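Observations on chain architecture
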Amino acid sequence: MPSPSAAAPGQTTARPAAANAGRGGWLVRLPLLLTLSLFAFLLLHRVQQNTHLLLAFAGVPAAMLLWQVALWWFSRRSGRPLQVEFAPPVRQHYIQASVQLCLYLYWGFWWQQEDGIRPIYAQAPLIVAQAIFVYAFDALLAWSRGRAWRLSSGPMPIVMSTNLFIWFHDDSFVFQFAMVAAGLLGKEFVKWRREGRATHIFNPSGFGLAVTATVLIATGTVDLTWAKPLASTIEVPFVFPFIFVLGLVVQYFFSVTLMTFAAAMVFVLFNVAYTQTTGVYLFGSTNLPAAAFLGLHLLMTDPSTSPRTNLGRTLFGLGYGLGYLVLFEVLGWIGAPELFAKLYPVPILNCTVQWLDRFARSGWPGRLNHRWETAASPRAVNLAHMGVWSAVFLVLIVTGFVPGFGQATHPGNSILFWKQAVADHKPDAERKLVIVAGSQAIASERPEARASAYNELGLLSLQGTADPASEQDRLESAADRFGLAARGGSLHANENIAMMFLFLYVHRSDAELDAVLQRLEREVGKPTGRRAAYLLGLAFEAGRARPLDPRRALLLYRECDPGDVFAQKGIVRIGLTAGPNLDLAPAVPLLEQAAAAGDGESCYYLAYMHQLGRGVARDAAKARAMLERARQLGFEPAALVAQQPEMPAFKPPRVKFMARPAWSTAFPL
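Residues numbered from 1 in each chain as written. Predicted model: local features only at pLDDT ≥ 70, side-chain atom pairs only at ≥ 80, totals over all residues. Heavy atoms only, no water.

Quick look at the pairing of strand β4 (residues 191-194)
Selection criterion: Each residue's exposure class comes from its accessible area (1.4 Å probe, protein chains only) as a fraction of the maximum for that residue type: buried when under 20%, exposed when over 50%, partly exposed otherwise. Each helix is a run of H or I in the DSSP string that is no shorter than four residues. Each strand is a run of E no shorter than two, and both are numbered from the N terminus. Note on pairing: two strands pair once DSSP finds at least 2 bridges between them.
Burial of the side chains of β4 is restricted to one face: Trp192 and Arg194 are buried, whereas none of Lys191 and Arg193 on the reverse face is. For β4 and strand β5 (residues 197-200), the ladder comprises four bridges, and the chain directions are antiparallel. The partner of Lys191 across the bridge, within β5, is His200. If you look at the hairpin formed by β4 and β5, you'll find two residues sitting between the two strands, and Glu195 has a positive phi there, around 55°.

Some points on the nonpolar core
Spelled out, the test is: Buried Ala, Val, Leu, Ile, Met, Phe, Trp, Tyr and Cys residues that are joined via side-chain atoms within 4.5 Å together make up what is termed a nonpolar core. In what follows, residue pairs with any heavy atoms lying within 4.5 Å of each other are defined as contacts.
Formed by 134 residues in total, the largest nonpolar core has its most connected members in Phe57, Trp107, Phe133, Trp149, Ile166, Phe293 and Phe340. Leave out the neighbours within four places in its chain, and Trp107 touches Ile120, Leu164, Leu230, Thr233, Ile234 and Val236. Residues Leu556, Ala567, Leu582 and Leu606 belong to the second largest nonpolar core, which totals 69 residues.

Notes on unusual backbone geometry
Residues other than glycine seldom take positive phi values, yet Phe238 does so here, at roughly 60°. The residue Phe238 is located in the loop between α9 (227-233) and α10 (239-254) in this model. Given a relative accessible area of 36%, Phe238 falls into the partly exposed group. Unlike most non-glycine residues, Ser255 shows phi in positive territory, near 55°.

Considering the pattern of salt bridges
This is how it is decided: Counted as salt bridges are all cases of a side-chain nitrogen of Lys or Arg within 4 Å of a carboxyl oxygen of Asp or Glu.
Inspection of the entire model under this criterion finds 24 salt bridges. Here Arg308 ties to Glu195 by a salt bridge, and the two come within 3.4 Å at their closest N and O atoms. Remark: Glu195 occurs in the loop between β4 and β5 and Arg308 occurs in the loop between α12 (290-298) and α13 (310-333); sequence separation between them is 113 residues. Here Glu448 and Arg446 are joined by a salt bridge, their closest N and O atoms 3.2 Å apart. Salt bridges sharing partners connect three or more residues here, namely Glu329, Glu338, Asp428, Arg431 and Lys432.

Brief notes about empty space enclosed by the protein
To locate leftover empty space, one rolls a probe as large as a water molecule over the atoms. Selection criterion: Space inside and on the surface of the protein is sampled on a 1 Å grid over the protein atoms alone, with a cavity defined as a set of points where a 1.4 Å probe fits but cannot get out and a pocket as an open set with protein on both sides within 12 Å along at least 5 of 7 lines; lining residues have an atom within 4 Å of a point. Grid points are joined across faces, edges and corners, and a volume is the space filled by probe spheres set on the points.
Following the criterion strictly, the structure yields three cavities of 30 Å³ or more and no others. Considered as a void within the structure, the second largest cavity measures approximately 40 Å³ in volume. Surrounding the second largest cavity, Trp107, Leu164, Phe165, Ala227, Leu230, Ala231, Ile234, Ala291, Leu294 and Lys342 form its lining. Sorting the residues of the lining of the second largest cavity by element identifies α9 and α12 as the ones contributing at least two each. Per element, the largest residue contribution to the lining of the second largest cavity is three residues, and it comes from α9.

Here you go:
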């Protein structure tokens, strides 16, 4: 987004209308009033309900108050008054703020949670608090540097632009103040000489966002923010046309059309080539991410920190598009969120603008650029650029390349599509599956779809696809995601939580586990309850989270599909333990089939069935052969029994040695 900096050549730069240098001037007291007003946010119910938020709104203004007292004390001792220069609102700033406000209002209207809360609207008081903080911080920073505070409209777009991409959760909100402060610090301290005057290098909001993203990635704390939901929920209805129209406003007033157009063409052409080559989609669920579309309209298009020449702006836009593509792959490769790919190209390209303009004004590129810029008046040339970009965007809408007005869902926005792509070994399919599942878990409009997506993320965590960390981390992540899915109503997630407890000895809490088993009990007897019956049967058979009750377990196993080999194993275990009254013959074909396929557990049970003549003819030699087969297949209980000269009485193996069914998923191939 354009930064709150001086206007580019050809634009009107507002001059200070008044200077107030005395201690008695009321503007000198404005930072104090702003600081004190931050304490008023302590009265908000939301702030009072969160200790961390309460401390942030108590500690930050308190520190600023001490800072201001120190400045006043130093001013009195040195005899150097604190000065304020008032500047009327600058068009660049209030147009930016107006465009950003329109986006907030539109996005906030569509993004509504199940409890009726609209998160963007709910965040509005905290955005206002950041604006107050930025103005006060800007004043104290200027006075600490020994210069007058220039009271202008500049800080507002910093806050508005920053909050489009990253919010910290309430527990970590103090870092939100640090992020917007980082943008001001970059503007204040990182400068160069451009066109004969000292000016800042970086787009302030882009600089603050990039610094924050780097810290979040390095510390693995991205989940302290709303960055992922912001990147996903921007996909509201008609958002592409809406952002495009807002972008036209910026392009009309600040002649930055070429930057947006060039970047968009990189996205379009590269994506088409990638899809034609691989058969899958570069960005997963879309041809062009809405968050990236927002970035190339309202993040990189700062006229004050971008090239002045047409050719330079075109190269800047191409650089943004290529930079996004490279960083999208690099961030994914290192396991960082790809959503930050839209942030990093901005400060990198800010460092190249003088070189780009020199290139555009020298040699044959200079001659080309001169003809280009002098073909008509600057306004007419920019209108021509806007016309071409509008025509191209219309083609993208009509062809369905980007969502317009009621187009069908993108084929890549499907977990099943990407599971099939993984099975077919398509390029980068596993990472795209994680991206799509994560996006649906956050932003899907249907609660059942969100729950199914969280369940899929849990499965990906178990596989190490979504969380390539230690085994313990993967188990914890899977349990968390299954928990979210279960709370969303997913039966599959409830089944997976039970399986994690029974087979992996992992669960988050006794209360959650009890709720899961109660849900499974309600499913028994329904067409969807056969796996639930098996898992409950195993819990009663093993006495884990349910009383030890073989009779109840047997009844539950009989509720399962007759062809369920896992339930038949349970019946066999109970029959071998309880005595000869239970007919085990119906289970024999399934166990023999599983044994032939290499299931050591089935071999182990068949060994005892032959040893005891239960369901099959008594055959000691066959029993020993099956036991040896089970040992060779790696079934640990069989190895212990095989060492003994006589087969001891049958004891059911511990659950962790049993073969478990496949994890439960709503998206089977």
